[in-house]
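# Coordinate analysis (summary)
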Amino acid sequence: MLRGPAGAWAVLGPLLWGCGLALLQGGMLYPRESRSRERKELNGLWSFRADFSDNRRQGFEQQWYRAPLRESGPTLDMPVPSSFNDVGQDGQLRSFVGWVWYEREITLPQRWTEDLGMRVVLRIGSAHYYAIVWVNGVHVAEHEGGHLPFEADISKLVQSGPLSSCRITIAINNTLSPHTLPPGTILYKTDPSMYPKGYFVQNIKFDFFNYAGLHRTVLLYTTPTTYIDDITVTTDMDQDIGLVNYQIVVQGSDHFQLDVRLLDEEGKVVAKGTGAQGLLQVPSAHLWWPYLMHEHPAYLYSLEVKLTAQMAVGPVSDFYTLPVGIRTVAITERQFLINGKPFYFQGVNKHEDADIRGKGFDWPLLVKDFNLLRWLGANAFRTSHYPYAEEVLQLCDRYGIVVIDESPGVGIVSVESFSNVSLQHHLEVMEEMIRRDKNHPAVVMWSLANEPASFLKPAGYYFKTLIAHTKALDPSRPVTFVTSTSYEADLGAPYVDVICVNSYYSWYHDYGHMEVIQLQLATQFENWHKAYQKPMIQSEYGADTIAGFHEDPPLMFSEEYQKGLLEQYHAVLDQKRKEYVVGELIWNFADFMTNQSPLRMIGNRKGIFTRQRQPKSAAFLLRERYWKLANETRYHQSAVKSQCVGNSLFTV
Ligand code: GCB
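Here the structure is a predicted model, which means the values were calculated and not measured. (Residues numbered from 1 in each chain as written. Predicted model: local features only at pLDDT ≥ 70, side-chain atom pairs only at ≥ 80, totals over all residues. Heavy atoms only, no water.)

### Topic: the overall build of the chain
- Looking only at helices and strands, the chain features 13 helices and 32 strands.
- For the chain, whose C-alpha radius of gyration is 25 Å, the value lies close to the compact-globule estimate of 26 Å for 652 residues.
- Oriented by its inertia axes, the alpha-carbon framework of the chain measures out at about 75 × 75 × 50 Å.
- Counting over 652 residues, the chain shows a buried share of 59%.
- Counting only contacts in the chain whose residues sit at least 6 apart along the sequence, the fraction spanning at least 24 positions is 74%.
- When the accessible surface of the chain is split by element, carbon and sulfur atoms take 53% of a total near 25800 Å².
- Computed over 60 positive and 70 negative side-chain charges, the separation of the two mean positions in the chain equals 1 Å. (Helix = DSSP H or I, 4+ residues; strand = E, 2+ residues; numbered from the N terminus. Rg over C-alpha atoms; globule rule 2.2 N^0.38 Å. Buried < 20%, exposed > 50% of the residue type's maximum accessible area, 1.4 Å probe, protein only. Contact = heavy atoms within 4.5 Å. Areas by Shrake-Rupley, 256 points an atom, 1.4 Å probe, with all protein chains shown as cover. Lys, Arg positive; Asp, Glu negative; His and termini not counted. Charge placed at Lys NZ, Arg CZ, Asp CG, Glu CD.)

### Observations concerning the site of the ligand
- Around the ligand, a shell composed of 13 residues is seen, among which Asp207, Glu451, Tyr508, Glu540 and Lys606 lie nearest.
- Between an oxygen atom of the ligand and a side-chain N or O atom of Trp587, the distance comes to 3.2 Å.
- One of the side-chain nitrogen or oxygen atoms of Lys606 is found 2.5 Å away from an oxygen atom of the ligand.
- Taking 320 Å² as the accessible area of the ligand by itself, protein coverage stands at 91%.
- Taken together, the residues that form the shell around the ligand break down as four nonpolar, four polar and five charged. (Near = heavy atom within 4 Å. Polar contact = N/O pair within 3.5 Å; in protein donor to acceptor, adjacent residues only side chain to side chain. Nonpolar A, V, L, I, M, F, W, Y, C, P; charged D, E, K, R; others polar.)

### A closer look at the sheet that holds strand S31 (residues 536-540)
- The eight strands are arranged S25-S26-S27-S28-S29-S30-S31-S32 in a closed barrel whose pairing can be described as parallel. Sheet twist, expressed as the mean angle between neighbouring strand axes with direction ignored, is 25°.
- Sheet topology note: the strand S27 (residues 402-406)/strand S28 (residues 443-450) ladder contains four bridges and is parallel. By the bridge assignment, Glu406 is partnered in S28 with Ser447.
- Docked against the sheet, helix H8 (residues 420-437) engages S27 and S28, running at close to 160° with respect to S28.
- Where helix H12 (residues 617-632) meets the sheet, its contacts fall on strand S25 (345-349) and strand S32 (581-586), and the angle it forms with S32 comes to roughly 155°. (Pairing = 2+ DSSP bridges. Axes fitted to C-alpha atoms, helices over the stretch in contact; angles between N-to-C directions.)

### Let's talk about H8
- Given a rise of 1.5 Å per residue, 18 residues ought to cover 26 Å, and the 25 Å separating the end C-alpha atoms of H8 matches this to within 8%.
- Turning to H8, its buried residues are Ser422, Leu423, His425, His426, Leu427, Val429, Met430, Met433, Ile434, Arg435, Arg436 and Asp437.
- Close packing links the buried residues of H8 with strand S8 (138-144), helix H7 (390-399), S27, S28 and helix H9 (459-473). (Expected span 1.5 Å × (residues − 1).)

### Some words on the packing of aromatic side chains
- Summed over the entire model, instances satisfying the criterion amount to 41 aromatic pairs.
- Summarising the aromatic geometry, the rings of Tyr188 and Phe200 are spaced 5.5 Å apart at their centres and angled 50° between planes, so their arrangement reads as tilted. Placement of the pair is Tyr188 in strand S11 (residues 184-188) and Phe200 in strand S12 (residues 200-204), with a sequence separation of 12 residues.
- Take Tyr188: its relative accessible area is 54%, and that puts it in the exposed class.
- Members of the aromatic cluster, connected to one another through ring pairs, are Phe60, Trp64, Tyr65, Trp99, Trp101, Tyr130 and Trp134.
- The ring of Tyr227 carries Arg119 above its face, with NZ or CZ at 3.6 Å from the centroid.
- Against the face of Phe381 rests Lys350, its NZ or CZ located 5.9 Å from the ring centre. (Phe/Tyr/Trp six-rings, centres within 6.5 Å; stacked < 30°, edge-to-face > 60°. Lys NZ or Arg CZ within 6 Å of the ring centre and 35° of its normal.)

### Re the pattern of salt bridges
- The final tally for this structure, using the stated rule, is 30 salt bridges.
- Where Arg261 meets Glu304, a salt bridge forms, and the shortest distance between an N and an O atom there is 2.9 Å. Separated by 43 residues along the polypeptide, Arg261 in strand S17 (residues 256-263) and Glu304 in strand S20 (residues 301-311) bring together distant segments of the chain.
- Here Glu304 falls in the partly exposed class, since its relative accessible area comes to 26%.
- Across the salt bridge formed by Asp362 and Arg357, the nearest N and O atoms sit 3.2 Å from each other.
- Exposure remark for Asp362: the relative accessible area of 18% places this residue in the buried category.
- In this structure Arg357 comes out as partly exposed when scored by relative accessible area, which is 29%. (Salt bridge = Lys/Arg side-chain N within 4 Å of Asp/Glu carboxyl O.)

### Observations regarding the nonpolar core
- Counting residues in hydrophobic clusters, the biggest one holds 141 residues, and the most contacted among them are Ile231, Leu303, Phe336, Phe345 and Phe381.
- When residues of this core are sorted by domain, at least three fall in each of domain 2 (226-324) and domain 3 (329-639).
- Not counting chain neighbours up to four residues away, the residues in contact with Leu303 comprise Ile231, Val233, Tyr246, Val260, Arg261, Leu262, Leu280, Tyr320, Thr321, Leu322 and Val324.
- In this structure, Met118, Leu122, Ile124 and Ala212 belong to the second largest nonpolar core, which totals 35 residues. (Core = buried A, V, L, I, M, F, W, Y, C linked by side-chain atoms within 4.5 Å. Domains from an automatic or database assignment.)

### So, the sheet that holds S20
- The strand order across the open sheet formed by four strands is S18-S17-S20-S21, and the pairing between neighbours is antiparallel. The strands lining the two open edges of the sheet, one partner per strand, are strand S18 (269-274) and strand S21 (314-324). The sheet shows a mean angle of 15° between the axes of neighbouring strands, taken without regard to direction.
- Summarising the sheet, S17 and S20 pair through eight bridges and their orientation is antiparallel. Across the sheet, Asp259 pairs through a bridge with Lys306, a residue of S20.

### Things to note about the layout of surface pockets
- Computed from the structure, the largest pocket encloses a volume of approximately 940 Å³.
- Taken together, 27 residues form the lining of the largest pocket, with Ser95, Val97, Phe200, Val201 and Gln202 sitting closest to its centre.
- Secondary-structure elements contributing two or more residues to the lining of the largest pocket are helix H3 (91-94) and S12.
- Ranked by the residues each element gives to the lining of the largest pocket, the list is headed by S12, at five residues.
- Roughly 430 Å³ of internal volume is contained in the second largest pocket.
- Sorting the residues of the lining of the second largest pocket by element identifies S32 and H12 as the ones contributing at least two each.
- For the lining of the second largest pocket, the class distribution of residues is 12 nonpolar, five polar and five charged.
- There are two domains that each give the lining of the second largest pocket at least three residues, and those are domain 2 (226-324) and domain 3 (329-639). (1 Å grid on protein atoms, 1.4 Å probe; cavity = no way out; pocket = protein on both sides within 12 Å on 5 of 7 lines; lining within 4 Å. Points joined across faces, edges and corners; volume = space filled by probe spheres on them.)

### What to know about the state of the cysteines
- Considering all chains together, one arrives at zero disulfides under this definition.
- Unpaired in terms of disulfides, Cys396 finds its nearest cysteine sulfur in Cys500, a separation of 17 Å. (Disulfide = S-S within 2.5 Å.)

As structure tokens, this is what we get:
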């Protein structure tokens, strides 16, 4: 990828990817059922206990993992997936900082504990922030980072003797430090006239509530002991021939055979291959197009991988099927190209956030959000400010919603958070994130951070190193970070492919003066473009709005003000998108919870939908705009018509 015509990338991409792949050790394939694989979700009620002891270490001192948690003291019922903060009535638990303990007793199918040819894996989708895991009191895994999955092979443990049940204990700590992602600090308040002994608070420099707990599915899955560990797919086009490069990593044996088939949506085999790597050619390929860019967006093929190995016990097979979208991504000085055509990000920033469940994964909420996105005519979002659940990206693949996939690098504002210790962790997080998300056609760009203090001296080296590493891991996608530093002072900007800028004109300054927005925004774009000649995205803009507040003439916090502010931005975006601006992402899709502060009225209210997903007036404004934008571009026409008829949403 990167600068220059898509054609150059067609030649270099597959070769470069080969180099990148070598850097990633071990796979993190999404656990799918197949003829050789089973899965057992452990969602539901877990036992829970927060360690309120002064040093928060009583659980370790008393080894709560050695016996059922209820024997250590009183426990609560805690739903998984969910944040623990908002499900109860206890204010102290809502703002708890330290170790919490989760436990679940499960029964395993007899075969799983007896068949030594079977591998049993415990997978935790997300535990915020640091997690330690024991099975029947035996330590099996530790993981740092709240937004990416981790696994433990527990076969030996569960197959070591007759077992009727199995106890999983997970201790999770939500304490942040200057070196975690996101960073945070613990502040001890020592004035005895104001605070009790040992009083502390956690300070954060990001604008969302630090929800914690088991936020995504916890599950067990099986594979044979010789198994498909990882698959990497990159795609390209040569005329109308789709090119699918694949690389497969097998664990458990060096002697195996791999058979690969690519099936279209009708189930017809369109290409076949053998071996651990290869190039599949698909004549007259259906491309993966974004929503509203084609009458059949989001076309997905299925890559069926079959592994056969000769083991002492006889032949063993493993099967895994990966959805594959054939598409290309490239940029020029002024454009973001998908399949060689200019793509305009008309979308939103989101959060994983909702009433009661906090950041807990929830299918109804997810489906509602995707219905709203399509109702809006949005074709893209940024996973502000951390990687979202894998199921979210799967729906993006299926619906053609393009994703800027962001790491949890939010709130990097102190010199300490640019240190080598922090950089090392950030490099590892990018490895985990790319390992998990590399095969999603919807993901078209990596974002490394949001609004870091990129004017600080160490920021130049930090971002140069981080971006180089990310590109080495995945040369097939552009890389960015989202800035709010001025174009003259930003030391990381020289290294990004696309300039993403957040600005809040007439919100965080010039309060109420919407008349200055157009001048200030035009100046912002022109300065950045003159300095860098790179495509630009307005990655945030917006205004807090309390649904139901009306003021005419518009006043801040009213629905009229939000609409008015957006319209001022749109006037400039409409000029600059004809030049080098390639996208606009509203802040925010929906209202969300934050820390308490006099600047936040029960959370951030910049949503165009409320936290309960009801529209404010601005949602209708954006909807009109996005459908108009889709309508404007010629090659959109038939797509828009068919979407409109299909969804009965819009009359052309
Ligand atoms: C920003 C941040 C975002 C905040 C938003 C706001 O620049 O990137 O996390 O929530 O502004 O509303 O202040």
